[in-house]
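Secondary and tertiary structure notes
If you want the building blocks of each chain, they are given just below.
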Amino acid sequence: MVSPQPPSPYLLSVSTNRRFPLGEGQSWAIGRGDGCAIMLDSRSVSRLHALIQRKDTGELALVDLGSRNGSFRNGKRVSFPVALNDKDRLLFGDQELMFVHPSRVTSVMTMTGGDMRNEPTTALHTHSLTSIMVVDIRDFTPLARSLSEAQLSQTIGTWFLRAGQITQREGSWAQKYIGDAVMAVWVHERATDIGADLFRVLRAINDISTATTEISAGLPLPAPLRIGAGVNTGHAIVGGADYTALGDTVNAAFRLETATKKLGMGIAVGERTYSELAPDKRSAFVQRDVELKGFEGPNTAWAISFEGLQDLLKRFPTV
């Protein structure tokens, strides 16, 4: 007997009771412009106002795209991607909608049709071997002070959206948006997979760097966007209702990203990450001693520039 499919989430117009289904697909544009999946006929709504994106966990997130009048969830303006919960009230201009999720989908395979190797779980696992990638926008605080709220929303929303799409495509277990940084987690179920997974991590960093350049060129920003990246491999606590990763492996990844500023290099990886790469790929990295706050040192990092990473990927176009 075939099990019935769980009800799909949808948006409900409070004034007209019209439903906008969110069942099939990965993203839905909201606006008054042609081609928007959720078209709202109001001059207070921007042509391309916001976006709802399906994360690899199956949950849906709202991203404002620099709309003139902003996007609001439960009365609070959305400047960063936020997860949607059943009965959330959304406001786009003067158009109010309710997010309705009849039943939370627990199977990522059902939602995305993807493979199950990196399927998130709500159970906490204490000894999962992971690689943690952290990518941060450099000098974001002075940049944010120089932008209007609408410009800031468009900049960070677009960057988070592109970064999330890239890490998801490269097989990350989950993504977290933290301030002006994105953290992505790869879970290594087999030791033989680690090298190939790490190459996907490096490819994700390269693609995020390319996307950052494209976003920067397409927006009226006072200065180009710049990023730094840290990668660390080791055991971590993963799982939970918010699909998180915790532990020293995670903390060190954030510290490695911070260290790139003093190193003058775009990317820094930990010793375990470096050792798990194939020998012919390690030669592009240079060894550096770094101080990682909270860790007894000195510590060893292996660094590479974004240009060096591009050259490495050109020499090895496949995993």
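Residues numbered from 1 in each chain as written. Predicted model: local features only at pLDDT ≥ 70, side-chain atom pairs only at ≥ 80, totals over all residues. Heavy atoms only, no water.

Bringing the overall build of the protein chain into the picture now. Counting its secondary structure elements, the protein chain contains eight helices and 19 strands. Looking at the protein chain residue by residue over its 319 residues, the buried ones come to 51%. Expressed as a percentage of contacts within the protein chain between residues at least 6 apart in sequence, the contacts between residues at least 24 apart total 61%. (Helix = DSSP H or I, 4+ residues; strand = E, 2+ residues; numbered from the N terminus. Buried < 20%, exposed > 50% of the residue type's maximum accessible area, 1.4 Å probe, protein only. Contact = heavy atoms within 4.5 Å.)

Pairing is mixed in the open sheet, where five strands are placed in the order 4-3-5-6-9. In the strand order of this sheet, the two ends are held by strand 4 (38-39) and strand 9 (82-83), each with one partner. In the sheet, strand 5 (residues 50-54) pairs with strand 6 (residues 60-64) via five bridges, with the strands oriented antiparallel. Within strand 6, the position partnered with A50 by the bridge is D64. (Pairing = 2+ DSSP bridges.)

A few words on the sheet that holds strand 8 (residues 76-77). One open sheet holds the six strands; their spatial order is 2-1-11-10-7-8, and the pairing between them is antiparallel. Each end of this open sheet is capped by a strand with a single partner; those strands are strand 2 (19-21) and strand 8. Judged from the two bridges that link them, strand 7 (residues 71-73) and strand 8 form a sheet pairing that is antiparallel. Bridging from a neighbouring strand, R73 pairs with K76 of strand 8.

Another point: the pairing of strand 14 (residues 181-187). Most of strand 14 is tucked away: seven of the seven residues are buried. Burial along strand 14 is two-sided: A181, M183, V185 and V187 and V182, A184 and W186, pointing in opposite directions, are all buried. Both strand 13 (residues 174-178) and strand 14 contribute to a ladder of five bridges, which runs antiparallel. Residue pairing for strand 14: K176 is matched across the bridge by M183. In this structure, the hairpin formed by strand 13 and strand 14 is closed by a connection of two residues, where G179 is found at a positive phi of approximately 60°.

As for its position among the elements, F306 is in helix 8 (residues 306-315). Remark: the alpha-carbon pair of F306 and G228, spanning 78 residues in sequence, is separated by 9.1 Å. Here F306 is in contact with I205, S209, I227, G228, G266 and I267, once residues within four sequence places are set aside.

A separate point is the environment of P81. Summarising the element assignment, P81 is placed in the loop between strand 8 and strand 9. For the pair P81 and A61, spaced 20 residues apart in sequence, the C-alpha to C-alpha distance is 6.1 Å. The contact partners of P81, leaving out residues within four places of it in the chain, are L62, V63, F160 and Y177.

This next bit is on the confidence of the model for the protein chain. Summarising the model, the protein chain shows a mean pLDDT of 85, and 88% of its residues fall at 70 or more. For the protein chain, helix 1 (residues 108-112) is the element with the lowest average pLDDT, namely 31, and strand 17 (residues 267-269) is the one with the highest, namely 98. Predicted confidence is poor over residues 105-117, with pLDDT under 50, and the contacts of this stretch with residues over four places away or in other chains come to 23 contacts. (pLDDT = per-residue confidence, 0-100.)

With respect to the element layout, Q53 can be found in strand 5. Not counting chain neighbours up to four residues away, the residues in contact with Q53 comprise Q26, S27, E59, L60, A61, L161, G164, Q165 and Y177.

Turning our attention to the environment of Q168. Locating Q168 in the fold gives a position in helix 3 (residues 149-169). Separated by 16 residues in the primary sequence, Q168 and A184 have C-alpha atoms spaced 8.6 Å apart.

This paragraph deals with the packing of helix 4 (residues 194-218) against helix 8. Taken N-terminus to C-terminus, the directions of helix 4 and helix 8 make an angle of 125°; their axes are 10 Å apart at the nearest point. By the angle between their axes, helix 4 is oblique relative to helix 8. Two packed elements cross with a definite hand, and for helix 4 against helix 8 that hand is left-handed. Across from F199, L202, R203, I205, N206, S209 and T210 in helix 4, the residues of helix 8 making contact are F306, L309, Q310, L312 and L313. (Axes fitted to C-alpha atoms, helices over the stretch in contact; angles between N-to-C directions. Parallel < 35°, antiparallel > 145°, perpendicular 65-115°, else oblique. Left-handed = near helix turned anticlockwise from the far one by under 90°.)

The phi angle at N17 is positive, at roughly 65°, despite the residue not being glycine. Looking at where N17 falls in the secondary structure, it is placed in the loop between strand 1 (10-13) and strand 2. Even without a glycine there, the phi angle at N74 is positive, about 50°. By the secondary structure assignment, N74 is in the loop between strand 7 and strand 8.

On to the packing of aromatic side chains, then. Per the counting criterion, the structure on display carries three aromatic pairs. A ring pair is formed by Y274 and F285, whose centres lie 6.3 Å apart and whose planes are at 75°; its orientation type is edge-to-face. A residue pair is termed long-range when its members are at least 10 positions apart, and Y274 in helix 6 (residues 271-276) and F285 in the loop between helix 7 (279-282) and strand 18 (286-290) qualify at eleven residues. Neither residue differs from the other here; Y274 and F285 are each classed as buried. For the ring pair Y274 and W302, a centre distance of 3.6 Å and an interplane angle of 0° mean the geometry is stacked. With Y274 in helix 6 and W302 in strand 19 (residues 299-304), this residue pair connects regions lying 28 residues apart in the sequence. For W302, a relative accessible area of 14% corresponds to the buried category. Among the aromatic residues, those joined into a cluster by ring pairs are Y274, F285 and W302. When the ring centre of F199 is taken as origin, the NZ or CZ atom of K281, which lies over that ring, is 5.0 Å away. It is K281 that lies over the ring of F316; its NZ or CZ is 4.6 Å from the centre. (Phe/Tyr/Trp six-rings, centres within 6.5 Å; stacked < 30°, edge-to-face > 60°. Lys NZ or Arg CZ within 6 Å of the ring centre and 35° of its normal.)

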